[in-house]
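Spelled out, the chains give:
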Amino acid sequence: MRKKIVAGNWKMNKTYEEALSLVSEIDNMLQDEGRGDVTVIVTPPFPYLQSVGKLAQGNGNLLLAAQNVSEHESGAYTGEVSAAMLKSVGVEYVLVGHSERRQYHHEDAQTLYKKMKAALAQGIKPIFCCGEPLEERDADRHFEYVGQQLKDSVSYLSNEEFDQIVIAYEPIWAIGTGRTASSQQAQEMHAYIREQLSRMFDAEAAFNCTILYGGSANPGNAKELFSQADVDGGLIGGASLKSRDFTDIIKSF
Ligand code: PGA
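Rules used in this analysis
Residue indices begin from 1 for each chain and proceed along its sequence in written order. Only residues with pLDDT of at least 70 are given local features in this predicted model, and only at 80 or more are side-chain atom pairs given and counted; all residues enter the totals for whole chains, interfaces and linings. Water and hydrogen atoms play no part in the side-chain values, which are based on all heavy atoms of the structure. Here a helix means four or more residues in a row that DSSP labels H or I, a strand means two or more in a row labelled E, and each is numbered from the N terminus. The cut-offs for exposure are 20% and 50% of the maximum accessible area for each residue type, with area from a 1.4 Å probe on protein chains only; residues under the lower value are buried, those over the upper are exposed, and the others partly exposed. When a carboxyl oxygen of Asp or Glu is within 4 Å of a side-chain nitrogen of Lys or Arg, the pair counts as a salt bridge. Only rings of Phe, Tyr and Trp enter the pairing, Trp through its six-membered ring, and a pair is recorded when the two centres are within 6.5 Å. The plane angle decides the type: under 30 degrees is stacked, over 60 is edge-to-face, the rest tilted. Only Lys NZ and Arg CZ are tested; either one counts as a charge over a ring when it is within 6 Å of the ring centre and within 35 degrees of the ring normal. Put simply, buried Ala, Val, Leu, Ile, Met, Phe, Trp, Tyr and Cys residues joined by side-chain atoms within 4.5 Å make one nonpolar core. Should any heavy atoms of two residues lie within 4.5 Å, those residues are counted as being in contact.

(A) Quick look at unusual backbone geometry. Its identity is not glycine, yet K14 carries a phi of approximately 80 degrees, on the positive side. Structurally, the position occupied by K14 is in the loop between strand 1 (4-9) and helix 1 (16-33). For K14, a relative accessible area of 29% gives the class partly exposed. Residues other than glycine seldom take positive phi values, yet S216 does so here, at roughly 55 degrees. With relative accessibility at 17%, the residue S216 sits in the buried group.

Below is the structure:
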C-alpha cells in the first residue's frame, strides 16, 4: 500500500506567532478528531522551521517540510539554505520544482535534479512538483509537458533514490485560482505520471510512489479528488492556512 499524504504549503505567509498558532490548532484538531492513516506534513517558511517542528513533532503527529533547499552542499552561497542545515532542525521532506520557484526564480530541470540529490544525500525526501501552464492544457499538450518535466529531472535518479521521493501534480492554471482540476483530469494525469515512472524505474516502484494533487484543493472537493485510484493525497496551498479547512481536507480520505 502506498502512503497517503496531505501536505500544507504555507508559502510566504504567516508571522511567527501565527505560524505557531496554526500548527498547534492543526495538531489539536487531529488529536481530537483523528486522521486515519494519513501522513500529515506542514511546510512553514524557513525562519519558523525549528519552532513549528517542535510543536508539530512533539506528539509525532505532523512531519516537517521545507519549501526550498540549495543544490550546493555548503559554503559561499549567500541567502541559501543547505540540506544538512534542514536536516539538523528536523526537516524530513522538501518541496522541489514548485511552479512558483520555476517561474519566479528560474529554477531549471538540472537545478531541480541537483536539489533532489542534495536533499536525498541528507535523507530528506523531495516532493517533486510538476504541472502544465494553461496554454499547454488548451493545446492538448499537457501529458507531453508533464512527461518531459519528469524525464528532465526525475529520470536521472537511481532506483534507490526514486523510492524516497513523492510526486505532486499541480496544474499551474489551478494554483491559487480557485479553479480545480476535475477529479477525472487529475486521475488521468496521475495515471499517466505513474505509467511514465514505471518506464523510468520499475512497475512496482512506480506503483508504490505517492502522487499528490495540488491546485485549489479545499474541503469541498478533496473527497472527490482523493477517491481517484491514482490520487494519493494533496499538496494544499491556500486552504492549509486555515486549521479547520486543512484538517477537514485530511479527514476527506
Ligand atoms: P493552492 O496552492 O492550494 O493555493 O492552489 C497549491 C500549491 O501551490 O502548492
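(B) Fine view of the pattern of salt bridges. Within this structure, the stated rule accounts for 15 salt bridges. Linking E132 and R137 is a salt bridge whose minimum nitrogen-to-oxygen distance equals 2.9 Å. For R137, a relative accessible area of 10% gives the class buried. R194 is paired through a salt bridge with D232; the nearest N and O atoms lie 2.9 Å apart. Here R194, found in helix 9 (residues 183-200), pairs with D232, found in the loop between helix 11 (222-226) and strand 8 (233-236); they are 38 residues apart in sequence, far enough to count as distant. Overall, D232 belongs to the buried group, its relative accessible area being 6%. What you see here is one network of salt bridges that share partners, running through R2, R194, D230 and D232.

(C) Examining the packing of aromatic side chains more closely. Summed over all chains, the structure comprises 6 aromatic pairs. An angle of 0 degrees between the planes, with centres 4.0 Å apart, marks the rings of F162 and F201 as stacked. Of this pair, F162 sits in helix 8 (residues 159-162) while F201 sits in the loop between helix 9 and helix 10 (203-208), and the two are 39 residues apart along the sequence. Pair check on accessibility: F162 and F201 agree, each one buried. For R2, the ring lying beneath its charged end belongs to F207, and the centroid distance is 4.8 Å.

(D) Fine view of the nonpolar core. With 64 residues, the main nonpolar core has V52, F128, V154, I167, I193, L197 and Y213 as its most contacted residues. Element by element, the count of residues in this core is highest for helix 1, at 6 residues. In this structure, V154 is in contact with M116, F128, Q149, F162, I165, I167, L197 and F201, ignoring residues within four places of it in sequence. Core analysis: the second largest hydrophobic core is formed by 13 residues, A7, A65, Y93 and V166 among them.

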